[in-house]
There are 2 protein chains.
Amino acid sequence: MTIARTICCGFLVVIAVGTLLLMLPFATDDGSWNSPLVALFTATSAVCVTGLIVVDTGSDFSFWGQLIILLLIQVGGLGYMTTTTFLILLLGRRFDLRQKLAIQESFDRPFLHGNSRTLIRSIIATTLVFEILGILLMLNVFSKKYGTMKGLWYAIFHSISAWNNAGFSLFSDSLTGLDDSLTINFIIPLLIIFGGIGYQVIMELYMAIVHFVTRKRERLVFSLNFKVVISTTAILLLSGTIIFFLVEYPNPDTLGNLDLRGKILTAWFQSVTTRTAGFNSIDIGSMTFAGLLLTIGLMFIGASPSGTGGGIKTTTLRILTNCTRSVLRGNDEVVMFEREISVPLILKAVAVVFGSTNMVVLITFLIYLNEGIFHPSFFESGGTSLQVLFEVISAFATVGLSAGITDKLSAISQLLLILTMYTGRVGILVFMAAIAGETRPRVVQYPEETLLVG
Amino acid sequence: MTIARTICCGFLVVIAVGTLLLMLPFATDDGSWNSPLVALFTATSAVCVTGLIVVDTGSDFSFWGQLIILLLIQVGGLGYMTTTTFLILLLGRRFDLRQKLAIQESFDRPFLHGNSRTLIRSIIATTLVFEILGILLMLNVFSKKYGTMKGLWYAIFHSISAWNNAGFSLFSDSLTGLDDSLTINFIIPLLIIFGGIGYQVIMELYMAIVHFVTRKRERLVFSLNFKVVISTTAILLLSGTIIFFLVEYPNPDTLGNLDLRGKILTAWFQSVTTRTAGFNSIDIGSMTFAGLLLTIGLMFIGASPSGTGGGIKTTTLRILTNCTRSVLRGNDEVVMFEREISVPLILKAVAVVFGSTNMVVLITFLIYLNEGIFHPSFFESGGTSLQVLFEVISAFATVGLSAGITDKLSAISQLLLILTMYTGRVGILVFMAAIAGETRPRVVQYPEETLLVG
Ligand SMILES: [K+]
Ligand SMILES: [K+]
């Protein structure tokens, strides 16, 4: 079995186990059996850390059901972090010598030495540190409002959900009711950002802090990955906040009725959460079309590689941007931070974007077709085309923000969303490679010929 | 002045002259002065061979107004064909030796020998041959229905409009009233297809026919450009027809009430025209969401380079597809028809798609914002977000199909659509290069470093 197929099967097994558990009566609030579709949808959404829901997590699942969902989130999040980190290390073996040296340079940091056991331990430790910190910091807010035991459970659930960018919440209105709490507006966003920024970047950040504290003499050299991820994340978070603020400022249903501090905090929270976490502190259904389009764009870009987030990833966006800059400047190479980007990496970025776009368009098309022909009541009762596109991109980028239509879609459309979440989570390239099966690289060298473009 | 700026200014001058002429009283049907915005919109739409309209071409313009529009279409279409053909020849000078040889090989055909005067003459001759053939073949149908003089004018107008993929029609319902005429369903599509396929491809096709007729001994070698354009065009036309047929089959407002022959012909016509011409024989506003999404996809892809059509072009799509295939197969090069594609060409394809997507998203965002805040009656009176996206992509790919909202948009949004048509016509890369101005390619060589993608 190829690596791609192993990963795909691994996720399938966890989803299958989760579905069976969530169907059992002890998982539901009223002790009845859950329908297979609801259980499958919820398990997939949890394992794929998406957060789209067809029933309310807080009121329709029992404590045990919620615990299973939380475990699925943790397994899904950790599983993804470790597999992608390994994949990247494995991929390094396929490059030629010059590229290998470049990879070694960028990975030549203590945390990537040693064997895979050490690596997994380190990833689990990082996860635990952040999650426990999150619980401790949020405990105060939640226990004041809901009492000690319930507050603790809320803190645990939301800390793990936030770190894994899962977007599951025990409140039926997500975090809309908490939109004024400074604590929530900074602790949850920090968990989301660090969870989505990728293991390597966290390690480099940690090393930099150690370096700074111990006042070492040598100059600190950051990897290209670190620089690209940090700068792109910062740009996206900042511009997202500003544009959300400006666009939704006059909208009385979102920011309009808040004071200036509330407006800024809410715009910031929405900018953070849209990029892959999927909590919402304002009602998505009330947003302006401009706000929805911004949301769709940020969701599609998503977080950074090897983190718990989805989307095409910050680094992919950056490679495309710099390709365009190179063409305009008349250069034949793509350069970032004074480093050249190899051709295979550019091809990979193209494949990620091309595959993702096709997947999103195909699924949207199929849902339009299915709801339009076999289930016309959906569009007739006010469902819009933009809501469907929104839901599909949210599923694909494992964001979990909802335009409020997931539970109104027919069973086939929900199955399509399940497939979309799954594809988005295992990664479009891994998914396509799993379908393609074993392939042999071409050995023949062909002559070059040009053709007209653009 | 850079080449890019020269091209941009050239189009601007023609649009300015056209606007002034169309404002004059002799251009309008009732002899009044036209508003500057209407004249600017119509002139831009004609020069950019788009076909979006804010007033009805057949009833609101006099014969002289229609003649000016037709001349603008012809100047715009020819200007684009000649400039792009030259640009491609010019670009050939920038490649290195190996690429230069490849280009020479692909261009080493009699029609590209000789000086630029010969080339322009050849392009004009091709245009005239096709347009006159179109007029002769359509004359019969139109004169039977509208009398000799009016029929002749209709044949001339629609032949030139079809060859230039302009989408302007003298009928207020475009070609909806003609949907059963076999002549119209084959002559107009053939004009559209040949106009949009590019000058080089037509020449190679012509050479192939000559070769076949004269029964020459040597084996005929087609260029890579020819093979890619012909195969991609065929695939898009065929799959477009089939999907339109299947998707709109049950829709009583489009194909539903036609007989089988009518259904097939209309699906075929729509598949041809959507890719850049912009005539419609069914009402776009009545299409299903699935049909609209298919239309948006086909419009965005568009026609082939150096033809009269717009969009990201068939060759660009093909390069992206083969990039993805290479990544899945583990190859480091992109190959088509046993020929390797150079890295600068891949970068150019990425830049075209990235620039186009950003332009479309930006303009859509601005129109959402403008109509939402300053002109709320648009969305309140039933305008939808998908209609706006449709109109923007139609403008950018110079298609000219309309969801019926162009004349309902506010002045600022119409100006944004004018900018979009203009950008789509001069080409997104030329437009960006004109803004960027003079650039010097980088001479420093940087070391390679990898980063995480996908
Ligand atoms: K999520
Ligand atoms: K057109």
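Criteria and thresholds
- Residues numbered from 1 in each chain as written.
- Chains lettered and ligands numbered in written order.
- Predicted model: local features only at pLDDT ≥ 70, side-chain atom pairs only at ≥ 80, totals over all residues.
- Heavy atoms only, no water.
- Contact = heavy atoms within 4.5 Å.
- Buried area = accessible area lost by both parts, 1.4 Å probe.
- Salt bridge = Lys/Arg side-chain N within 4 Å of Asp/Glu carboxyl O.
- Helix = DSSP H or I, 4+ residues; strand = E, 2+ residues; numbered from the N terminus.
- Nonpolar A, V, L, I, M, F, W, Y, C, P; charged D, E, K, R; others polar.
- Axes fitted to C-alpha atoms, helices over the stretch in contact; angles between N-to-C directions.
- Donors = N, O, S within 2.8 Å, 3.2 Å for Na, K, Ca; no water.
- Buried < 20%, exposed > 50% of the residue type's maximum accessible area, 1.4 Å probe, protein only.
- Phe/Tyr/Trp six-rings, centres within 6.5 Å; stacked < 30°, edge-to-face > 60°.
- Lys NZ or Arg CZ within 6 Å of the ring centre and 35° of its normal.

Looking at an unreviewed UniProt entry, chain A carries the name K+ transporter Trk, with the source organism given as Crocosphaera watsonii WH 8501.

**Things to note about the interface of chain A and chain B**
Contacts between the two partners involve 86 residues from chain A and, on the opposite side, 86 residues from chain B. Taken together, both faces of the contact between chain A and chain B bury some 8,100 Å²; the carbon and sulfur share is 68%. One can count 0 salt bridges joining chain A with chain B. If one sorts the elements of the side of chain A that touches chain B by residue count, helix 14 (residues 343–374) of chain A sits on top with 17 residues. For the side of chain A that touches chain B, the class distribution of residues is 51 nonpolar, 20 polar and 15 charged.

**So, the packing of helix 17 (residues 385–396) of chain B against helix 18 (residues 411–426) of chain B**
Residues and elements named next belong to chain B. Packing of helix 17 against helix 18 brings their axes to within 7 Å, and their N-to-C directions diverge by 40°. Only Leu 417, Thr 420, Met 421, Thr 423 and Gly 424 of helix 18 make contact with helix 17, whose side of the interface consists of Glu 391, Val 392, Ala 395 and Phe 396. The residue inventory of the contact of helix 17 with helix 18, partitioned by class, reads 5 nonpolar, 3 polar and 1 charged.

**Focus on the coordination of the potassium ion (ligand 1)**
Residue and element names in this part refer to chain A. Of the protein atoms, only Val 49 (O), Thr 50 (O), Asn 165 (O), Thr 276 (O), Ala 277 (O), Thr 398 (O) and Val 399 (O) coordinate the potassium ion (ligand 1), at distances of 2.5 to 2.9 Å. Written as a sequence motif, the donor arrangement for the potassium ion (ligand 1) is V-T-x114-N-x110-T-A-x120-T-V. With Val 49 in the loop between helix 2 (36–47) and helix 3 (57–60) and Thr 398 in the loop between helix 16 (385–396) and helix 17 (411–426), this pair connects stretches of sequence that are 349 residues apart. On the basis of relative accessible area, Val 49 is assigned to the buried category, the value being 0%. Judged by relative accessible area, Thr 398 falls into the buried class, the value being 0%.

**With respect to the packing of aromatic side chains**
Think of a pair of aromatic rings as described by two things: how far the centres are apart, and how the planes are tilted against each other in angle. All names here are of chain A. Scanning the entire structure with this criterion turns up 32 aromatic pairs over all chains. Consider the rings of Phe 245 and Tyr 249, whose centres lie 5.3 Å apart with planes at 75°: the pair is edge-to-face. Ring geometry for Phe 378 against Phe 379: centres 5.0 Å apart, planes inclined by 65°, an arrangement best described as edge-to-face. When sorted by exposure, Phe 378 lands in the same class as Phe 379, which is buried. Taking NZ or CZ as reference, Lys 263 lies 4.5 Å from the ring centre of Tyr 249, over its face.

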